[in-house]
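The chain contents come next:
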Amino acid sequence: MTTSGAAPVPAPAPAREESAYATALAQFDAVAERLRLDSSMRAVMRQPRRELTVNFPVRMDDGSTRVFTGHRVQHSTARGPAKGGIRYHPAVNLDEVKALAMWMTWKCAVVNLPYGGAKGGVEVNPKALSEGELERLTRRYASEIGIIIGPEKDVPAPDMGTDARVMAWIMDTYSMNKGYVVPGVVTGKPIAVGGTRGRVEATGRGLLYTVQEACRTQEMALEGATVAVQGFGNVGSNAARLLAAQGAKLVAVSDVTGGIYNPNGFDWDALQRIREQGAFFNQVSGGFEHITNEELLELKVDVLLPAALENQLHSGNADRIRPKMIVEGANGPTTPEADAILFGNGVFVVPDILANAGGVIVSYFEWVQDLQSFFWEEDEVNLRLKRIMTRSFEEVQALAVSESVTMREAAYMLAIRREEEALRYRGVFP
Ligand code: GLU
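Residues numbered from 1 in each chain as written. Predicted model: local features only at pLDDT ≥ 70, side-chain atom pairs only at ≥ 80, totals over all residues. Heavy atoms only, no water.

A. View of the overall build of the protein. Helices and strands together make up the secondary structure of the protein, namely 14 helices and 12 strands. On C-alpha atoms alone, the protein measures out to a radius of gyration of 21 Å, which is about the 22 Å that the 2.2 N^0.38 rule sets for 430 residues. Put simply, of all contacts in the protein between residues at least 6 apart along the chain, 69% involve residues at least 24 apart. When the accessible surface of the protein is split by element, carbon and sulfur atoms take 50% of a total near 17,400 Å². A gap of 4 Å separates the mean positions of the 45 positive and 52 negative side-chain charges of the protein. (Helix = DSSP H or I, 4+ residues; strand = E, 2+ residues; numbered from the N terminus. Rg over C-alpha atoms; globule rule 2.2 N^0.38 Å. Contact = heavy atoms within 4.5 Å. Areas by Shrake-Rupley, 256 points an atom, 1.4 Å probe, with all protein chains shown as cover. Lys, Arg positive; Asp, Glu negative; His and termini not counted. Charge placed at Lys NZ, Arg CZ, Asp CG, Glu CD.)

Shown next, in the form of structure tokens:
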């Protein structure tokens, strides 16, 4: 853990200043039109159900007090409690959190989990805080949003910049305020306090299953396929490791400072030793080339895995991005304009709401285990994850073929239909 005295960590910025919520709405509107959704239904689905913004003070190590801003947005609770991660990142804002919350609704619906969608975020660079500062910030934020979260209301989880330790603090803070332990209030916790086996690598494992399915439909062998991964956080690094273990050739990886490229492929153990040289890829050296994040996206590879921020594939670079397939580990990495260009160029894109759903699927397993106080073996978690990922991929793929639409359009059609059905049955209160 770096302390507040450490060198500042560069803050990654989206490649383009496009509104994530505008992207989310454009994706929704196009599919709502295709489904001929009636206008009142559209109006309900276009807006989040609840938006909470909190400004709160945190005591810093040097004795000063700093005010931080956080959000929690619940897009929908039509199909069950709201569900979605909490992001700590300097670029967090309400617009982005609203988009991410809407994407969680579609993600839970497309893989058919009994959840709505939510997202939270705090505008902060967590790597610039000491552990004590991070804990105080987390506990205060958890208290502030405590009025709308709960195991039957809204269940947070990790996202960019947060991890199991942060989830444990949220669980403890919520439990202290209630006066009894409530493990089911968040997922992604350490196993010692009600976490599930398999959650840490779940998103990466789900991506592996997705790439395997995509290879099957595209008649491409995973063994020996070249792979480039943008982003080396929890999602990117676990996906890279699991893909390499299946014989894929990992030719490029990157973090916020840039990437490293070796056309002969990185051996996983060698890559670990490279990582040990420094905290970031721009601090390491060896028999490989340094490349920028933009260059990584434009490499001629079989599989491109964007696993960083939103809006990385946009109208300005989409025409130069020509892998055989893109499997979206990040949420919202592709703008609608880029989507159209990639489609025109014959790139097979597996959308975020399907491809990266492994995390929330295993979060669901964790919540179920917490509610029952009955815990599963890891192979049961992975087996059930594989079953849901494979079934969902097949459903989306079948719809894409029968309706002659892209995988993203098909995923949205499936998700929006399920959401619409739930809203219709529930009706309008009062
Ligand atoms: N943050 C992850 C996502 O974007 C996981 C959410 C969850 O587990 O609730 O899907």
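B. Spotlight on the site of the ligand. Inspection of the region around the ligand gives 14 residues, with Lys83, Lys107, Pro158, Asp159 and Ser363 positioned closest. Contacts to the ligand include Asp159, whose side-chain N or O atom sits 2.8 Å from a nitrogen atom. Between the ligand and the protein, one listed contact pairs an oxygen atom with a side-chain N or O atom of Arg199 at 3.2 Å. Bound to the protein, the ligand loses 94% of the 290 Å² it would expose on its own. Elements supplying a minimum of two residues to the shell around the ligand: β3 (82-89), α3 (94-110), β5 (154-158) and α12 (358-372). Residues of the shell around the ligand, tallied by class, amount to 4 nonpolar, 5 polar and 5 charged. (Near = heavy atom within 4 Å. Polar contact = N/O pair within 3.5 Å; in protein donor to acceptor, adjacent residues only side chain to side chain. Nonpolar A, V, L, I, M, F, W, Y, C, P; charged D, E, K, R; others polar.)

C. Layout of the pattern of salt bridges. Evaluated as defined, the whole model comprises 30 salt bridges. For Arg46, the salt bridge is made with Asp29, and the minimal N-O distance between the two is 2.8 Å. With Arg46 in helix α2 (residues 39-46) and Asp29 in helix α1 (residues 20-34), the pair connects residues that are 17 residues apart, well separated along the chain. Relative accessible area serves as the criterion here: at 28%, Arg46 is assigned to the partly exposed category. Accessibility expressed as a relative area gives 27% for Asp29, which makes it partly exposed. Several salt bridges share partner residues, and in doing so they unite Arg87, Glu96, Lys119, Asp159 and Glu310 into one network. (Salt bridge = Lys/Arg side-chain N within 4 Å of Asp/Glu carboxyl O. Buried < 20%, exposed > 50% of the residue type's maximum accessible area, 1.4 Å probe, protein only.)

D. Structural detail: the packing of α1 against α3. Between α1 and α3, the shortest axis-to-axis distance is 7 Å and the interhelical angle comes to 35 degrees. Contacts between α1 and α3 involve Ala20, Tyr21, Thr23, Ala24, Leu25, Gln27 and Phe28 from the former and Asp95, Glu96, Lys98, Ala99, Met102, Trp103 and Trp106 from the latter. Looking at the contact of α1 with α3 residue by residue, the class counts come to 9 nonpolar, 2 polar and 3 charged. (Axes fitted to C-alpha atoms, helices over the stretch in contact; angles between N-to-C directions.)

E. Seen up close, a positive patch on the surface. Together, Arg49, Arg50, Lys153, Lys178 and Arg426 give the surface a local cluster of positive charge. Tracing the backbone shows Lys178 in helix α5 (residues 164-178). In this structure Lys178 comes out as partly exposed when scored by relative accessible area, which is 44%. (Patch = residues over 30% accessible without salt bridge, like charges linked within 9 Å, V, L, I, M, F, W, Y side chains within 5 Å.)

F. Layout of the nonpolar core. Ranked by internal contacts, the top residues of the largest apolar core, which has 86 residues, are Trp103, Trp106, Ile260, Leu271, Ile361 and Ile416. For this core, the element with the most residues is α3, which contributes 9 residues. With residues near it in sequence (within four places) discarded, Ile260 still touches Val251, Ala252, Val253, Phe266, Leu271, Ile274, Phe281, Val284, Phe288, Glu289, His290 and Ile291. If you look at the next biggest cluster of nonpolar residues, it comprises 27 residues, including Tyr88, Ile145, Met167 and Val185. (Core = buried A, V, L, I, M, F, W, Y, C linked by side-chain atoms within 4.5 Å.)

G. Representation of the confidence of the model for the protein in the model. Summary statistics for the protein give a mean pLDDT of 95 and a share of 96% for residues scoring 70 or more. Considering only residues more than four positions removed or in separate chains, one finds that residues 1-16, a stretch of pLDDT under 50, has 36 contacts. (pLDDT = per-residue confidence, 0-100.)

H. Broad picture of α5. Taking 1.5 Å of rise per residue, 15 residues should cover 21 Å, and α5 covers 21 Å from first to last C-alpha, within 8% of that figure. All of the buried residues along α5 are Val166, Met167, Trp169, Ile170, Met171, Thr173, Tyr174 and Ser175. Residues of α5 that are buried in the fold lie against β3, α4 (131-145) and β5. A distance of 3.2 Å separates the backbone nitrogen of Arg165 from a side-chain oxygen at the start of α5, and that oxygen is part of Asp163. (Expected span 1.5 Å × (residues − 1).)

I. Molecular detail of the sheet that holds strand β6 (residues 226-230). Strand order in the open sheet made by the 7 strands is β9-β8-β7-β6-β10-β11-β12, with mixed pairing throughout. Edge positions in the sheet fall to β9 (289-291) and β12 (348-350), since each of these pairs with one other strand and no more. Here the average twist between neighbouring strands, direction ignored, is 20 degrees. Note that β6 and strand β10 (residues 303-306) share 4 bridges and pair parallel. Considered in β10, the bridge of Val229 is made with Leu305. (Pairing = 2+ DSSP bridges.)

J. Quick look at the pairing of β5. Most of β5 sits out of view: 4 of its 5 residues are buried. For β3 and β5, the ladder comprises 5 bridges, and the chain directions are parallel. When the bridges of β5 are listed, Ile86 appears paired with Pro158.

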